[in-house]
Amino acid sequence: MKLLWLGVDVSRVLHLAAVFCLTCVLLKAIQLFHRRRELLRALADFPGHPTHWLFGHVHEFLKEEEVLDKAELWAQKYPLVHPMWFGSFSAFLVITDPDYAKVLLARGDPKDNISYKHLVPWIGNGLLILHGPKWHQHRKLLTPGFHYDVLKPYVALMAESTNVMLDKWEKLIADGKPVELFEHVSLMTLDSIMKCAFSCHSDCQTNRKNTYIQAVYDLCHMVHQRLRIFPYHNDIIYWLSPHGFQFRKACRIAHDHTDKVIQERKESLKDEREFEKIQKKRHLDFLDILLCAKDENGAALSDEDLRAEVDTFMFEGHDTTASGISWLFYCLATHPEHQQRCREEIQGILGDRETIQWEDLGKMPYSTMCIKESLRLYPPVPGVSRQLSKPITFPDGRTLPEGSVTAISIYLIHRNPEVWKDPLVFDPLRFSPENVSGRHSHAFLPFSAGMRNCIGQQFAMNEMKVALALTLLRFELLPDPATPPLKITRIILRSKNGIHLYLRKLQEQVRNRQEKAMSGNSMASLLDNMSRPSAAILQLSVLLGVTFVLLKVLQFYWERKKLIKALEAFPGPPKHWLYGHNHLLKSEKFLHQVVSWGEEYPHAFPRWFGPILPSIIIHHPEYAKTILGRADPKASAVYKLLVPWIGKGLLILEGSKWFQHRKMITPAFHYDVLKSYVTLMSDSVKVMLDKWDKRITERRSVELFQDVSLMTLDSIMKCAFSFNSNCQTQSDSHYYIRAVFDLSYLLSDRIRNIPFKIAFYNFTHNGRAFQHACKLAHTHTDQVIKERKMLLSNEKELEKIQKKRHLDFLDILLCSKDENGVGLSDEDLRAEVDTFMFEGHDTTASGISWLFYCMSLHPEHQQRCREEIQGILGDRDTIEWEDLGKMTYTTMCIKESLRLFPPVPGVSRELSKPVTFPDGRSLPAGCQVGLSIFAIHRNQDVWEDPEVFDPLRFSPEKSAQRHSHAFLPFSAGSRNCIGQQFAMNELKVALALTLQRFELYPDPSKLPIMIPQIVLRSSNGIHLHLKKVI
């Protein structure tokens, strides 16, 4: 008997649900299997401690207080570097040697996306988390906050906060018990940072209601806990857990604290007198810098960015310094001879004074050495980690691929016996000038090193000196043998049981010590073995699958809700709840539909790819100017799909690596380099025209796009790669052109369809076709690179290259070196070659093919161009560099063709920070924005009669009156097309030589159908009749 509900067979539904859930679980398992296999391959050259098949190394570190000691043992057993596994699918390489650390810190790799991302809900995307151009912008913005003149008046404020703490200690020691320092020092450093950087007098040391310190402690513990528990790496699982609830609660407390600080300062600045004081300052405080900052467009920091920087500095500026000061006091308590020598030095400097001044800080050489030795043994930040943005080669020749996560263990480097003699001994003389000069530059890293070193290190050192000096003037520090500290790493270096010291007022009799004994807490974990019969496995699989699907649905729901809120101000065409707008956009009508929607929804409208992936489509130059005037990265959802084909070359890269590659490649498009290319372009065009000469005897129309593609490929191979491929005449050379066409089609199809993000795309029919086409394209580029390398191995050829004033594109790539003298990796080299091979031929082929089509439709403009070209060339059948600048009308026709048929119909960006458009509407960070160049070029508000072919639009007088971003065939801004002059030259050469030999006529029976497949193509080709010019 079937169980029915609303006419539906319930058992059938449950069966389908079980199958679906099992499929999801299986696919996830396959994805994890591939991830583990890649990690094992990447770490194969780095031996390490044996791992558990499920827990990795996590089970080795169940007792927090034993983690660092066990890490020291592993570092001695596996010198220089060793892998550390968090579960079976997450691993990073732990660096314990200064040479390795130097190589890594000299680069500009971002923070890793495993541990640091868990900090974002707390401290936001501030200076600690940011990378790329936005990090450079914020670092440059905040650096003046640590200027000499700013830090100087802070000394009095730090002394004031320290004295409040010392007054409290005088009352506490009356009962003769030891004092737990860490909490008091944390409150003191918080009070200090509030006064110095935020001009806020909080009374947090005397106000017992302050919950911020406890919240920070809890957050550090929970972030560290989340990293250790692998399932908590998933956001949904964590947010639904009790620990996730506690984390959000602690975040609210921390955010309430920072919001209050910001709000009070904002209110204070509304007072005209206070604002005048700020304006008269030569150097602003940290918070005033943030509140007064403007970007290149005059926009202030968003509330989100503002709070992120305040949260970051509030945490880093007090908690790390509190750790350093607390461990410093512990070191001096356990080494009374050094404590006394510091005290004598300070008394000698201050004399009868009870206060400390800026000038005193530079006169404490022995105290400074003690501080540094304490920072060596107990670095406040025990380690930092990076995610490699490109492959790395270490000094011993071992390598790691891009995407790998590396962790520099500052704690282990500071205790490396190969670097430090007797590393566990407290010896301040290690930091005497003579000892420092002979030491490795990266042996001592309490504030990290390189471009991402700690911006507030001078602030921290000053505060440690002030705290040490004033404390030693009033107290003698003695250890509590009953409560030795237990080192634990919770973002910063803490003690699990606090740091307990006896404090004795100077010139008082010694109090009797109390004997105490405390038994340490022990932790034990027990793993029970369970028998799992097949039925139980099935039930468990279904349960896991249903849970996985439910969590995914919740994730989709929250993402969709957030996106709908972000897009409220942008009305758009009605969408389907599941398909979005995909069902309304057929490929051959796509572009005209976008133009039609643009007329209905001015400036911009949302276009939904399914239920949870919208993109704001911009079709007005003012909006385009706003976006292209920024440095946002390419939209990851779309451009990442190109990576298996063209790699991470100039088109995909972002941040400092993009700047590095752009700067490196720019000389390849120098005037003197492009000049010599004209003859090579002419040779390639003539080969194509000779083929057409033979073909027009058949009196049938010719399909241009494939022939033009072969011609532009031949041209780019000769010009940029010094490679004569004969691809136009060899019948077997069409495979690359076909592969590029297939790749463009498959990528466009994948983007349009809802499940294009699915992990199992490579297992589908289209996925396998995509992989095959990639292999063909890579075979072609590998052959080009290999042959050029072989040629350069010849000394005579190498001498020719070195004598060139300007190198070709491929020679630049092969000869380039970074600041460490390392050339491009094979991966980076092929990525740039693949990128330029595709962009340099396929986009230009599109532009030339559609230009010929426009000329065929408008014989009057075709004839005028022909007459202009004949007037320039006369009896010559060749074209020279000097001729290109004389083709004024021809150039206007080329630009009008590029307006109507832009080779790249659109570009997209992912907002790295919020944006506000000229009409006041705004979008938050993370939104995808698509610039429809095709729609901007046909916008009726910008172009009169936009569908009409009128070259005179580009006359000098009309161009001068037009919006700067109305015409964008090569994009605009910092990420405009690097090869636009190359492309324009090739368009002129191709048109001039073609019109000299042929008249172009359309084929009415085969009109082209425009489709956007990365570049603008025709689904049925571009067919023209050709007639020889008499």
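If you're wondering where the values come from, they're calculated on a predicted model, not measured in any experiment.

**Looking at the overall build of the protein chain**
Tallying secondary structure elements over the protein chain gives 39 helices and 24 strands in all. The globule rule puts the C-alpha radius of gyration for 1030 residues at 31 Å, and the 34 Å found for the protein chain is close to it. With the C-alpha coordinates of the protein chain rotated into their principal frame, the extents come out at 115 × 85 × 65 Å. When the 1030 residues of the protein chain are sorted by exposure, 53% land in the buried category. Considering only intrachain contacts with a sequence separation of at least 6, the fraction spanning at least 24 residues in the protein chain is 75%. Surface summary for the protein chain: the accessible area is close to 47800 Å², and the carbon and sulfur share equals 56%.

**Side note on the sheet that holds strand β9 (residues 405–409)**
By way of backbone hydrogen bonds, the strands of a sheet pair with one another, either parallel or antiparallel. If you trace the four strands from one edge of the open sheet to the other, you get β3-β4-β9-β6, paired in mixed fashion. At either end of the open sheet lies a strand with only one pairing partner, and these are β3 (81–85) and β6 (383–387). Each strand of the sheet is rotated relative to its neighbour by a mean of 30 degrees, with strand direction disregarded. Bridge count between β6 and β9: five bridges; the pairing is antiparallel. The residue bridging Gly 383 from the neighbouring strand is Ser 409, located in β9. In this fold helix α3 (residues 98–105) packs onto β3, β4 (91–95), β6 and β9, with an angle of close to 130 degrees to the strand it touches most, β9.

**Here we look at the sheet that holds strand β21 (residues 998–1002)**
Read from one edge of the open sheet, three strands run β16-β24-β21, paired in antiparallel fashion. Of all the strands in the sheet, the pair left with one neighbour each is β16 (702–703) and β21. In the sheet, β21 pairs with strand β24 (residues 1023–1028) via five bridges, with the strands oriented antiparallel. Its bridge partner being in β24, Phe 998 is matched across the sheet by Lys 1028. The strands touched by helix α27 (residues 671–695) are β16, β21 and β24; relative to β21, the strand with the most contacts, the crossing angle is about 65 degrees.

**As for the side chain of Arg 921**
Topologically, Arg 921 is positioned in the loop between β18 (915–916) and β19 (922–923). Overall, the relative accessible area of 17% leaves Arg 921 in the buried class. A distance of 3.0 Å separates the side chain of Arg 921 from the side chain of Tyr 623, its partner in a polar contact. A polar side-chain atom of Arg 921 sits 3.2 Å from a polar atom in the side chain of Asp 919.

**Some words on the pairing of strand β15 (residues 614–618)**
With five of five residues buried, β15 is to be regarded as a mostly interior element. Judged by which residues are buried, β15 turns out to be covered on both faces: Pro 614, Ile 616 and Ile 618 on one side and Ser 615 and Ile 617 on the other are all buried. Here strand β14 (residues 604–608) runs beside β15; their pairing, made up of five bridges, is antiparallel. By the bridge assignment for β15, Pro 606 is matched with Ile 616. Linking β14 back to β15 in an antiparallel pair, the connection comprises five residues, with Gly 610 at a positive phi of about 80 degrees. Sheet analysis places β15 next to strand β20 (residues 928–932), joined by three bridges and oriented parallel. Following the sheet pairing, Ile 618 is matched in β20 by Leu 931.

**Focus on unusual backbone geometry**
A positive phi angle is found at Ser 448, which is not glycine, with a value near 60 degrees. Mapped onto the elements of the fold, Ser 448 is located in the loop between α19 (433–437) and α20 (457–474). According to the relative accessible area criterion, Ser 448 is buried, its value standing at 17%. The backbone phi angle of Ser 722 is positive, close to 50 degrees, even though this residue is not glycine. Relative to the elements of secondary structure, Ser 722 occurs in the loop between α28 (704–721) and α29 (734–752).

**Overview of the nonpolar core**
Grouped together as the largest cluster of nonpolar side chains are 148 residues, with contacts concentrated most on Ile 618, Trp 645, Trp 692, Phe 721 and Leu 923. The element contributing the most residues to this core is helix α33 (residues 826–857), with 13 residues. Listed in part, the 146 residues of the second largest apolar core include Leu 43, Ala 254, Leu 361 and Leu 472.

**Brief notes about the pattern of salt bridges**
Considering all chains together, one arrives at 45 salt bridges under this definition. Here Arg 353 makes a salt bridge to Asp 360, at a shortest N to O gap of 3.1 Å. The partly exposed category is assigned to Arg 353, whose relative accessible area is 29%. With a shortest N-O distance of 2.9 Å, Asp 811 and Arg 788 are connected by a salt bridge. Taken together, the residues span a long stretch of sequence, with Asp 811 in helix α32 (residues 809–815) and Arg 788 in helix α30 (residues 765–792) at a distance of 23 residues. One network of salt bridges, in which partners are shared, links Asp 167, Glu 170, Arg 474 and Lys 505.

**A few points about the state of the cysteines**
By definition, a disulfide links two cysteine residues through a covalent bond between their sulfur atoms. Tallying each qualifying case throughout the model produces zero disulfides. No disulfide involves Cys 342; its sulfur sits 3.4 Å from the nearest other cysteine sulfur, which is in Cys 370. Cys 342 sits in the buried class, given a relative accessible area of 0%. Residue Cys 815 stays outside any disulfide, its sulfur separated by 18 Å from that of Cys 719, the closest cysteine.

**Topic: the confidence of the model for the protein chain**
Looking at the protein chain as a whole, the pLDDT averages 87, with 92% of positions reaching at least 70. This stretch, residues 508–533, has a pLDDT under 50; its non-local contacts, to residues over four places away or in other chains, come to 24 contacts.

**Details of the environment of Asp 826**
With respect to the helices and strands, the residue Asp 826 is situated in helix α33. Taking the relative accessible area as the measure of exposure, Asp 826 reaches 58% and is therefore exposed. With twelve residues separating them along the chain, Asp 826 and Leu 814 place their C-alpha atoms 9.7 Å apart.

**Section: the packing of aromatic side chains**
Aromatic rings in a pair are described by how distant their centres are and how their planes are angled relative to each other. For the coordinates displayed, the defined rule picks out 43 aromatic pairs. Between Phe 46 and Phe 394, the ring centres sit 6.3 Å apart and the planes meet at 90 degrees, which makes this aromatic pair edge-to-face. Linking Phe 46 in the loop between α1 (10–42) and α2 (67–77) with Phe 394 in the loop between β7 (392–393) and β8 (399–400), this pair joins segments that are 348 residues apart in sequence. In this structure Phe 394 comes out as buried when scored by relative accessible area, which is 3%. Note that Arg 341 overlies the ring of Tyr 366, its terminal NZ or CZ placed 3.9 Å from the centroid.

**Topic: the side chain of Ser 615**
Looking at the secondary structure, you find Ser 615 in strand β15. Ser 615 gets classed as buried once you look at its relative accessible area, which sits at 8%. Only 3.3 Å separates the side chain of Ser 615 from the backbone nitrogen of Gly 930, close enough to count as a polar contact. Those residues in contact with Ser 615 that sit more than four places away from it in its chain are Phe 605, Pro 606, Arg 607, Phe 609, Gln 928, Val 929 and Gly 930.

**With respect to the packing of helix α36 (residues 888–900) against helix α39 (residues 980–997)**
Packed helix pairs are characterised by how far apart their axes lie and by the angle those axes make with each other. Contact pair α36 / α39: the axes reach a minimum separation of 11 Å and the direction vectors enclose 115 degrees. In terms of orientation, α36 and α39 fall into the roughly perpendicular class. Handedness of the crossing formed by α36 with α39: right-handed. Contacts from Thr 890, Thr 891, Ile 894 and Leu 898 in α36 reach Met 984, Leu 987, Lys 988 and Leu 991 in α39. Broken down by class, the residue content of the contact of α36 with α39 amounts to five nonpolar, two polar and one charged.

**Topic: the packing of α28 against α39**
It is the contact of α28 with α39, at a shortest axis distance of 12 Å, that shows an interaxial angle of 125 degrees. When the interaxial angle is binned, α28 and α39 end up oblique. In this structure, α28 meets α39 at a crossing whose hand is right-handed. For the pair α28 and α39, the contacting residues are Met 711, Thr 712, Ser 715, Ile 716 and Cys 719 in the first and Phe 982, Glu 986 and Ala 990 in the second. Each residue belonging to the contact of α28 with α39 can be placed in one class, and the counts come to five nonpolar, two polar and one charged.

What counts and how
- Residues numbered from 1 in each chain as written.
- Predicted model: local features only at pLDDT ≥ 70, side-chain atom pairs only at ≥ 80, totals over all residues.
- Heavy atoms only, no water.
- Helix = DSSP H or I, 4+ residues; strand = E, 2+ residues; numbered from the N terminus.
- Rg over C-alpha atoms; globule rule 2.2 N^0.38 Å.
- Buried < 20%, exposed > 50% of the residue type's maximum accessible area, 1.4 Å probe, protein only.
- Contact = heavy atoms within 4.5 Å.
- Areas by Shrake-Rupley, 256 points an atom, 1.4 Å probe, with all protein chains shown as cover.
- Pairing = 2+ DSSP bridges.
- Axes fitted to C-alpha atoms, helices over the stretch in contact; angles between N-to-C directions.
- Polar contact = N/O pair within 3.5 Å; in protein donor to acceptor, adjacent residues only side chain to side chain.
- Core = buried A, V, L, I, M, F, W, Y, C linked by side-chain atoms within 4.5 Å.
- Salt bridge = Lys/Arg side-chain N within 4 Å of Asp/Glu carboxyl O.
- Disulfide = S-S within 2.5 Å.
- pLDDT = per-residue confidence, 0-100.
- Phe/Tyr/Trp six-rings, centres within 6.5 Å; stacked < 30°, edge-to-face > 60°.
- Lys NZ or Arg CZ within 6 Å of the ring centre and 35° of its normal.
- Parallel < 35°, antiparallel > 145°, perpendicular 65-115°, else oblique.
- Left-handed = near helix turned anticlockwise from the far one by under 90°.
- Nonpolar A, V, L, I, M, F, W, Y, C, P; charged D, E, K, R; others polar.

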